[in-house]
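A closer look at the structure
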Amino acid sequence: MNKKPAPKKESAAPAKKAPQPISPPRGMRDVLPADQPVWDLARQACRNVASAYGFERIETPVVEETALFIRGVGKQTDIVEKEMYSFETSGGEKLSLRPESTASVMRAYISNGMLNLPQPVKLWYLGPMFRHDRPQHGRYRQFFQFGCEVIGDEDAVTDAQLALMSHVILKDLGVEATIRINSIGTPESRANYKNALVSYFRSKRAKLSEDDKKRLLKNPLRLLDSKDPAVMEMKAEAPQIIDWLDEDSKAHFMRVLEYLDEVGVPYQLDPYLVRGLDYYTKTVFEIFTASDEPEGAQSALGGGGRYDGLAEILGGRPTSAAGFALGLDRIVSRMRELKIEPPAPGVDVFVAQLGEQGRKKALAAFEELRKAGVRAAEAFSKNAIKTQMEIANRRGAKWAVVIGQKEVLDGTAIIRDMDSGTQEIVDARKVVHEIKKKLDHAEVKTENH
Ligand code: AMP
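Residues numbered from 1 in each chain as written. Predicted model: local features only at pLDDT ≥ 70, side-chain atom pairs only at ≥ 80, totals over all residues. Heavy atoms only, no water.

1. Comments concerning the environment of L301
Looking at where L301 falls in the secondary structure, it is placed in strand β10 (residues 300–306). When its relative accessible area of 2% is taken as the criterion, L301 is described as buried. L301 sits 24 residues away from A325 along the chain, and the two C-alpha atoms are 8.6 Å apart. Not counting residues up to four positions away in its chain, the partners in contact with L301 are L170, V175, I287, T289, A325, L326, G327, R330 and I331. (Helix = DSSP H or I, 4+ residues; strand = E, 2+ residues; numbered from the N terminus. Buried < 20%, exposed > 50% of the residue type's maximum accessible area, 1.4 Å probe, protein only. Contact = heavy atoms within 4.5 Å.)

Right, dumping it as structure tokens:
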């Protein structure tokens, strides 16, 4: 009885599933090496301006207690109500990824006793923010903001200088932008205005969408942000906040505008600009660019204003403050539209090698060049000289230092001019010296041109 075993059915053993590739979370992106030069340009412009205006960097945690944003940004805002990445840790802490940084910076000012420093304290930050919004062009779930905050100062000149700074950064980058500005007064004058606004829209309640009816109850100022054509039409007849401002806020606002006039920053008065966050008082502004995209919130490159009430809301002493934040993702995308690209970082010399002994000497020669401040490149894992020369050309090297078996024995190196193809043999100990001489010579030549 030698029964053959039945042939295995293919389905008998579950086929091992090939692991699926993993994408980044929806609405989040990788900033790839090819994108870094333009990002660096944007980041550097922010840093330069911040330091020129006397700001110092602060870094706060990416996660904070959820209560910070509920109190600081406001419970009724879209950011807190709908867009926060909140979670509870195994230790029972209720934390959130930061959706913005002003509340965090004010928290840091209070918890580090910065009110004992000479006032105002001028701080800047740069980092990722997180909002669980519907992703679309110019709106991501992780995006980068650069921001400046002036804490401990109530003067209108500060508001104006902050708006000016946001304009200067964009101008330095070659991005034309305009400021839209408004004043939303003190909480008291705003409350009076809210009442007037609510009675106006109540009389037209039937024409409002369900969402806007909710806004009317919870956060009526948000109706002014509505993109619904019916509301936009009603808005034209609605009471304007500027007519409800208290005398102090009105005078403050006039001074802000005078200072902006003085420094020639282009701005438009926008009576409907209220900003989404609860903490603002008096001045609010946004900075817009004439984007190639259809007009909309996405073309706002940044926003800011005064927030005199925030310190108290967060448990600190009453402390006036103002600030702004720029959205780097949108700035970079506008720079791309305008073809603003930094020059590619070049290299001066490529170190090529042939054979194991040549590779060893080349490895050491590269170190010497690098230490001497020469921009050097290499491809030590490649063997063929042809491949290495191709890479040298791709990297834009002006010269190649070539070390092969023969050169090792002779204690020499070849220096090849990559443009003309001419070669010279130099003493191996003089490679750095010879290359530096050539670099200095090339510099003088371009200067004389
Ligand atoms: P906000 O304080 O919310 O007005 O944000 C300031 C700036 O950050 C905006 O003008 C945008 O440039 C940028 N920004 C805000 N939310 C996003 C987002 N979800 N994706 C990309 N950029 C954003």
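2. A closer look at the sheet that holds strand β9 (residues 281–289)
Spatial strand order, β1-β5-β6-β11-β10-β9-β7-β8: eight strands in an open sheet with mixed pairing. Strands at the two margins of the open sheet, each flanked by one partner only, are β1 (56–57) and β8 (267–269). Pairing between strand β7 (residues 177–183) and β8: three bridges, direction parallel. Looking across to β8, one finds that R180 is bridged to Q268. Sitting on the sheet, helix α9 (residues 247–262) touches β7, β8, β9 and β10, and the angle it makes with β7 is about 165°. Sheet strands in contact with helix α11 (residues 328–337) are β5 (121–130), β6 (142–151), β9, β10 and β11 (321–327), and its direction is about 45° off that of β11. (Pairing = 2+ DSSP bridges. Axes fitted to C-alpha atoms, helices over the stretch in contact; angles between N-to-C directions.)

3. Some thoughts on the site of the ligand
The environment of the ligand is formed by 13 residues, the closest being R131, Y140, Q145, R275 and A300. Interatomic distance of 2.8 Å between a side-chain N/O atom of R131 and an oxygen atom of the ligand. In isolation the ligand has 470 Å² of accessible area, and contact with the protein removes 90% of it. Where the shell around the ligand is concerned, the elements lending two or more residues are β6, β10 and β11. When residues in the shell around the ligand are grouped by element, the largest group, three residues, is from β10. Partitioned by chemical class, the residues of the shell around the ligand number five nonpolar, four polar and four charged. (Near = heavy atom within 4 Å. Polar contact = N/O pair within 3.5 Å; in protein donor to acceptor, adjacent residues only side chain to side chain. Areas by Shrake-Rupley, 256 points an atom, 1.4 Å probe, with all protein chains shown as cover. Nonpolar A, V, L, I, M, F, W, Y, C, P; charged D, E, K, R; others polar.)

4. Some details on the sheet that holds strand β4 (residues 94–97)
Pairing within the open sheet is antiparallel, and its three strands lie in the order β2-β4-β3. Two strands close off the open sheet at either side, each with one partner strand: β2 (63–65) and β3 (86–88). With strand direction ignored, the average angle separating the axes of adjacent strands in the sheet is 35°. Pairing between β3 and β4: three bridges, direction antiparallel. Across the sheet, F87 pairs through a bridge with L95, a residue of β4.

5. Quick notes on the domain arrangement of the chain
Taken domain by domain, the chain comprises domain 1 (33–186 + 246–337) and domain 2 (349–443). Averaged C-alpha coordinates put domain 1 and domain 2 at centres separated by 49 Å. (Domains from an automatic or database assignment.)

6. Overview of the packing of helix α1 (residues 36–52) against helix α5 (residues 156–172)
Two elements in contact, α1 and α5, have axes separated by 9 Å at closest approach and are oriented at 135°. Taken together, the axes of α1 and α5 lie oblique to each other. Crossing geometry of α1 relative to α5 is assigned as right-handed. Residues A45, C46, V49 and A50 of α1 pack against M165, V168, I169 and D172 of α5. Within the contact of α1 with α5, the residues separate by chemical class into seven nonpolar, no polar and one charged. (Parallel < 35°, antiparallel > 145°, perpendicular 65-115°, else oblique. Left-handed = near helix turned anticlockwise from the far one by under 90°.)

7. Some remarks on the pairing of strand β16 (residues 423–427)
Along any regular strand, the residues point their side chains to alternate faces of the sheet. As judged from the five bridges shared by strand β15 (residues 412–417) and β16, these two strands associate in the antiparallel manner. Counted as the bridge partner of I415 is E424 from β16. What sits between the antiparallel neighbours β15 and β16 is a turn of five residues, in which G421 has the positive phi angle 85°.

8. A look at the environment of K250
You can see K250 is positioned in helix α9. Judged by its relative accessible area of 30%, K250 falls in the partly exposed class. Here the alpha-carbon distance between K250 and N393, two residues 143 residues apart in the chain, equals 63 Å. Not counting the four nearest positions on each side in its chain, K250 is found in contact with I242 and L245.

9. Observations regarding the side chain of S104
In this structure, S104 sits in helix α4 (residues 102–111). Exposure remark for S104: the relative accessible area of 0% places this residue in the buried category. Setting aside residues up to four positions removed in sequence, S104 forms contacts with T60, E64, L68, F69 and R98.

10. Description of the pairing of strand β14 (residues 399–403)
The buried fraction of β14 is high, at five of five residues. Residues W399, V401 and I403 of β14 are buried on one face, and the alternating residues A400 and V402, pointing to the opposite face, are buried as well. Two elements, strand β12 (residues 349–353) and β14, share five bridges in a ladder whose sense is parallel. The partner of F350 across the bridge, within β14, is A400. With four bridges connecting them, β14 and β15 associate as antiparallel partners. In the strand pairing of β15, A400 is matched with R416.

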